[in-house]
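These are the residues of each chain, in order.
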Amino acid sequence: MAQSLEERDVLVIGGGVAGGYVARLLRGRRATIVSPENFMLYTPLLPEAASGTLEPRHTVVPLRAMCPGADLLLGRAERLDLEARTATVDGRTMHWRDLVVALGAVPRTLPIPGLAEHGLAFKSLADAIYLRNHVLQQLEAADGALDDGERSRHLTFVFVGAGYAGVEALAELSDLVEDALRYYPRLRTTRRRWVLVDAAPRILSEIPSPLGDYAAAELRSRGTEIHVDTTLASVSAHEVVLGDETRIPTDTLVWTAGVAPNPLLREWGLPLDERGRVEVDELLRVRGHEHVWALGDCARVPNARSDMPDPPTCQHALRQARRLAKNLTGPPKPYGYRMLGQVATLGRHKGIAEVLGLRFRGFLGWWVTRSYHLYQLPLAQRKLRVVADWTVALLFRRDIAELGQLGHPERLG
Ligand SMILES: Cc1cc2nc3c(=O)[nH]c(=O)nc-3n(C[C@H](O)[C@H](O)[C@H](O)COP(=O)(O)OP(=O)(O)OC[C@H]3O[C@@H](n4cnc5c(N)ncnc54)[C@H](O)[C@@H]3O)c2cc1C
């Protein structure tokens, strides 16, 4: 084993927003990113990839282009030996001088009957592409349906979890369906049913109240049914049952009810809080381990400028990454970040934003939201591709080709 031991300076496990930015911003030291994909996914743009406003490839940034000063090792970290300071990645053992744990989160599921079998996740690029194809398939199925009951079942879409992911995905996909109906004249008179369910008393509870309320009013004005203080009781292939016993015939249940830290962390012997997040101090150093650091959705990060640990958002992961890159190359200083605002899109030309105490909604909210994401996205050429997609989407109708066959070619024999 000693012969195959590879020496790495800063080993970054996870090439998402947190890990990708640490490696990008590290100056004077060499990072090695371990990641199963060769790109960083910018999740706030995922709903637009699902609705087809953005080309899915443009919502990701190749890690080799984003972090030219770093090495990339494609694979999954499997084991850590904190004493020996080694990590095993697909059978290769590596020794680190400093380790950065940025594993992110996984969808948080609950033992609800039928959820694992019939629920659709919305977390990865594959999920977004799958969901888009699924929604387009429902339109085709509705068009070919033999009776009204079946038709309306195909045109009913239930989203459980009214955080950013659920609200934005529902809003974007309902726009997609409305636009696509131009090609399905027989379906125009059939009711489209969009249902948003959350156990909390209001939707978008992470956004200041007037904006969250505006989002609820906007969605209701489009006919979205909002069930707050409500849980999911069960799901089957053709029906969703809510905790208040409402039964909804549907073939689509999208589960966006929160995330949980990566379960791998439990096997790695790192100190975890009650929710399974890695405990770090104000320098982002893992408690009790001088050369191990953690950030992003997988960590419980104390914030010197707020009373609470950071929420799992891109903007926090990015600020933590900036601090950690500096702490790894100079005298470590405590992490602190005061949130400048929050933004969300609600479909085409509609959005909500709160920036530096100013609130924007409607078209202005949408414009502010897009400008913010453009600013956060790394690489000028990526920004340009996104702007090009948005411009094309303003000028032309949506593409409704259903490309579920992508990545599944027919075998020759
Ligand atoms: C649909 C959706 C919409 C969102 N919208 C917003 C928004 O509008 N605004 C906002 O601020 N936040 C948003 N978020 C939250 C935001 O995406 C996260 O907070 C952010 O991505 C956290 O960054 P991270 O690096 O910790 O995790 P991630 O970005 O998830 O990165 C974790 C990385 O670790 C990798 N990994 C996993 N296991 C291993 C392994 N064993 N070995 C090596 N690598 C591994 C993963 O492949 C991934 O690349 C959204 C999230 C979702 C799912």
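Relevant structure appears above.
Residues numbered from 1 in each chain as written. Predicted model: local features only at pLDDT ≥ 70, side-chain atom pairs only at ≥ 80, totals over all residues. Heavy atoms only, no water.

Enquirer: Which residues make up helix α1 (residues 17-25), and what values do they have?
Expert: Of all nine residues making up α1, seven are buried, and the element is well covered by its neighbours. All of the buried residues in α1 are V17, A18, G19, G20, Y21, V22 and A23. (Buried < 20%, exposed > 50% of the residue type's maximum accessible area, 1.4 Å probe, protein only. Helix = DSSP H or I, 4+ residues; strand = E, 2+ residues; numbered from the N terminus.)

Enquirer: Account for helix α11 (residues 380-395), naming residues and giving values.
Expert: Spanning 16 residues, α11 covers 23 Å between terminal C-alpha atoms, matching the ideal 22 Å at 1.5 Å per step. The set of residues buried in α11 consists of R382, V386, D389 and W390. The buried side chains of α11 occupy one side of the element, clustering within an arc of 95 degrees when seen end-on. Set apart from the buried face of α11 by more than 90 degrees, the exposed residues are A380, L384, L394 and L395. Buried-residue contacts for α11 involve α2 (46-51), β4 (60-62) and α10 (362-376). (Expected span 1.5 Å × (residues − 1). Arc of directions from axis to C-beta. Contact = heavy atoms within 4.5 Å.)

Enquirer: Got a sec to walk through the pattern of salt bridges? Specific residues and values, please.
Expert: One pass over the full model with this rule turns up 22 salt bridges. Linking E48 and R370 is a salt bridge whose minimum nitrogen-to-oxygen distance equals 2.8 Å. Taken together, the positions of E48 in helix α2 and R370 in helix α10 put the pair 322 residues apart, joining distant regions of the chain. Residues E48 and R370 agree in their burial class; the two are buried. A salt bridge links R191 to E225; the nearest nitrogen and oxygen atoms lie 2.9 Å apart. (Salt bridge = Lys/Arg side-chain N within 4 Å of Asp/Glu carboxyl O.)

Enquirer: Could you give an account of the sheet that holds strand β23 (residues 351-355), naming the residues involved and the relevant values?
Expert: Spatial ordering of the open sheet is given by β22-β23-β24, a layout of three strands whose pairing is antiparallel. Of all strands in the sheet, those with a lone pairing partner are β22 (341-345) and β24 (358-361), marking the two edges. Averaged over all pairs of adjacent strands, the angle between strand axes in this sheet comes to 10 degrees, irrespective of strand direction. Bridging between β22 and β23 involves five bridges; their strand directions are antiparallel. When the bridges of β23 are listed, A344 appears paired with I352. (Pairing = 2+ DSSP bridges. Axes fitted to C-alpha atoms, helices over the stretch in contact; angles between N-to-C directions.)

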